[in-house]
Structure formats: structure tokens, C-alpha cells
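As a plain string of letters, each chain reads:
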Amino acid sequence: DQQVKQNSPSLSVQEGRISILNCDYTNSMFDYFLWYKKYPAEGPTFLISISSIKDKNEDGRFTVFLNKSAKHLSLHIVPSQPGDSAVYFCAASGFSGSRLTFGEGTQLTVNP
Amino acid sequence: EADIYQTPRYLVIGTGKKITLECSQTMGHDKMYWYQQDPGMELHLIHYSYGVNSTEKGDLSSESTVSRIRTEHFPLTLESARPSHTSQYLCASSERGYQETQYFGPGTRLLVL
């Protein structure tokens, strides 16, 4: 039972354009959502998070949007840079305390 | 910026060997976690600890064991490595609180021949 799903395994965008990564969840008890970025053979790096009491959170080039009614969140990166090329994981927590449930990841490729 | 360290970064070992993967954090975090990740797959929680002398199994069954004798140290041990243990092992930590963020170490890539 996959409670957090990232339906796009890969995404390719041009440098300078917007990257939009999507994530859906099924468990209404989740109340905290995070995005991580991961390079091959390295650990995930925390990017940005959002609490369920908000619908938007911004940090520089990164913005996360949360639509609770649709159980959907998205990460916007603008402008995209070649160094953003990595696998992006969304994760959620809530009913089980701090334990995180991860999606499968989306490989973002930003072309120069 | 998180200060969490894992050694070794890469390990190639033969079947049947005992291995210990080290994880240390200098942030004083109470909570620590071990995840296993295969390429193209999500991260699976295999062990976690909410403090010294506290360890629990995670969502994914694992033949590994862990210990938490000191707050900063959370080693993972495989008594007898097998090829099916080949994977990336990721350690993370977080503060005690509500809606905590987990910070990850660089990971250990394990290859069992």
C-alpha cells in the first residue's frame, strides 16, 4: 500500500524554465510534508517542508504547494539550473510521529 | 546544516562476513534512523531509535541489528552478509518534537559478493 506516490519517474526541463514535481498521498493523517534532493551515492538533502496548516511555503527558488482536499503537493523550482539535476523525493509524516513515508522519487534533468 | 557522518562510504565484502556500518551525529539529536534504498526505489525504514537504549524495527524487515548506547552513535550490524543485503544504507537523525525534519548522512553503499 503506497501511501505516498510520485507518478512521474522522470522530468526533463530547460535551464531557466520552471520545474514542477508532483506528489500524491492517500493518508489524511499526514500533517507534515517534506522534499528532499538526492544525488547518486549520496544521502538525501532536505530542501523544504510544509505543515498542513499552510498551503504554500517558499525558500528562494523553491516553493512547495499543498492541496489538502486533493491530497496533492508540488515542488516548483524556478529558475531551474543544471545543478538541480537529481532525484527528488517527497515524504510525509503525521500519524506515526516523526517517522517518514517516502515516495519513489522523480529524476529531474535540467538541460543547459 | 546537518552534521551526520557515515563510514565506510563504500564497502565490498564477501558472503558470510560480519559488518558494522557506523553512523554518528554531533547535533545532540535524540532520534536516529536507518533506511535502506535500492536504485529507483523509495527509502524504506529498517530501524529507529528515540533515545539511548531504545531501538525499534522499522517498516521493512531486515536481518540487521542496531544499538544505541550513546546519543550520538547508532551503528548497524549484519552478522553474516549475503548478496541480498547489497543496497545503499542511509542514516538520519532528528530533534525530539512535533513535525521534525530528518537530516541524512552521506550513506554507505554495500556490495556483497
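Residues numbered from 1 in each chain as written. Chains lettered and ligands numbered in written order. Predicted model: local features only at pLDDT ≥ 70, side-chain atom pairs only at ≥ 80, totals over all residues. Heavy atoms only, no water.

What follows is about the overall build of chain A. When helices and strands are tallied, chain A shows zero helices and 11 strands. When the helices and strands of chain A are placed in sequence order, the string is β-β-β-β-β-β-β-β-β-β-β. A compact globule built from 112 residues would reach a C-alpha radius of gyration of about 13 Å, and chain A, at 13 Å, matches this within 12%. Each principal axis of the C-alpha atoms in chain A carries an extent, and together these give about 40 × 30 × 20 Å. Relative to its full complement of 112 residues, chain A shows a buried share of 49%. For chain A, the accessible area works out to roughly 5000 Å², and carbon and sulfur atoms hold 50% of it. With 10 positive and 10 negative side-chain charges, chain A shows a separation of 2 Å between the mean positions of the two kinds. (Helix = DSSP H or I, 4+ residues; strand = E, 2+ residues; numbered from the N terminus. Rg over C-alpha atoms; globule rule 2.2 N^0.38 Å. Buried < 20%, exposed > 50% of the residue type's maximum accessible area, 1.4 Å probe, protein only. Areas by Shrake-Rupley, 256 points an atom, 1.4 Å probe, with all protein chains shown as cover. Lys, Arg positive; Asp, Glu negative; His and termini not counted. Charge placed at Lys NZ, Arg CZ, Asp CG, Glu CD.)

Counting residues in each nonpolar core, the largest one holds 23 residues, and the members touching the most others are F33(A), W35(A), L73(A), L75(A) and Y88(A). Listed by contribution, the elements that provide at least two residues to this core are β3 (19-25), β4 (32-38), β5 (45-51), β7 (62-67), β8 (72-77), β9 (86-94) and β11 (106-111) of chain A. Within the second largest apolar cluster, 17 residues are counted, among which are I4(B), L21(B), V66(B) and F74(B). (Core = buried A, V, L, I, M, F, W, Y, C linked by side-chain atoms within 4.5 Å.)

To continue, consider a nonpolar patch on the surface. Residues I18(A), I20(A) and V78(A) make up a contiguous nonpolar surface patch of roughly 230 Å² in combined accessible area. Topologically, I18(A) is positioned in the loop between β2 (10-14) and β3. (Patch = residues over 30% accessible without salt bridge, like charges linked within 9 Å, V, L, I, M, F, W, Y side chains within 5 Å. Salt bridge = Lys/Arg side-chain N within 4 Å of Asp/Glu carboxyl O.)

Time to look at the interface of chain B and chain A. Every contact between the two is made by 28 residues of chain B and, on the other side, 20 residues of chain A. Across the chain B to chain A interface the summed buried area is about 1900 Å²; carbon plus sulfur atoms make up 48%. Here R99(A) makes a salt bridge to D59(B), at a shortest N to O gap of 2.3 Å. Applying the counting criterion to the chain B and chain A interface returns eight residue pairs in polar contact (both at pLDDT 80 or more). Those elements giving two or more residues to the side of chain B that touches chain A turn out to be β4 (31-37), β5 (44-51), β9 (87-94) and β10 (103-104) of chain B. For the side of chain B that touches chain A, the element with the most residues is β4(B), which contributes four residues. A breakdown of the residues in the side of chain B that touches chain A according to their chemical character gives 13 nonpolar, nine polar and six charged. (Contact = heavy atoms within 4.5 Å. Buried area = accessible area lost by both parts, 1.4 Å probe. Polar contact = N/O pair within 3.5 Å; in protein donor to acceptor, adjacent residues only side chain to side chain. Nonpolar A, V, L, I, M, F, W, Y, C, P; charged D, E, K, R; others polar.)

So, on to the packing of aromatic side chains. All told, the structure shown has 12 aromatic pairs over all chains when counted by the stated rule. With a centroid separation of 5.4 Å and 45° between ring planes, the pair formed by Y35(B) and F104(B) is classed as tilted. In this pair, Y35(B) sits in strand β4 while F104(B) sits in strand β10, placing the two residues 69 residues apart along the sequence. There is no split in this pair, since Y35(B) and F104(B) are both buried. An aromatic cluster of at least three residues, connected via ring pairs, comprises Y36(A), F46(A), F89(A), F102(A), Y33(B), Y35(B), Y103(B) and F104(B). K31(B) extends its terminal NZ or CZ atom over the ring of Y50(B), reaching a point 4.5 Å from the ring centre. Positioned above the aromatic ring of F74(B), the side-chain terminus of R68(B) is 5.9 Å from the ring centre. (Phe/Tyr/Trp six-rings, centres within 6.5 Å; stacked < 30°, edge-to-face > 60°. Lys NZ or Arg CZ within 6 Å of the ring centre and 35° of its normal.)

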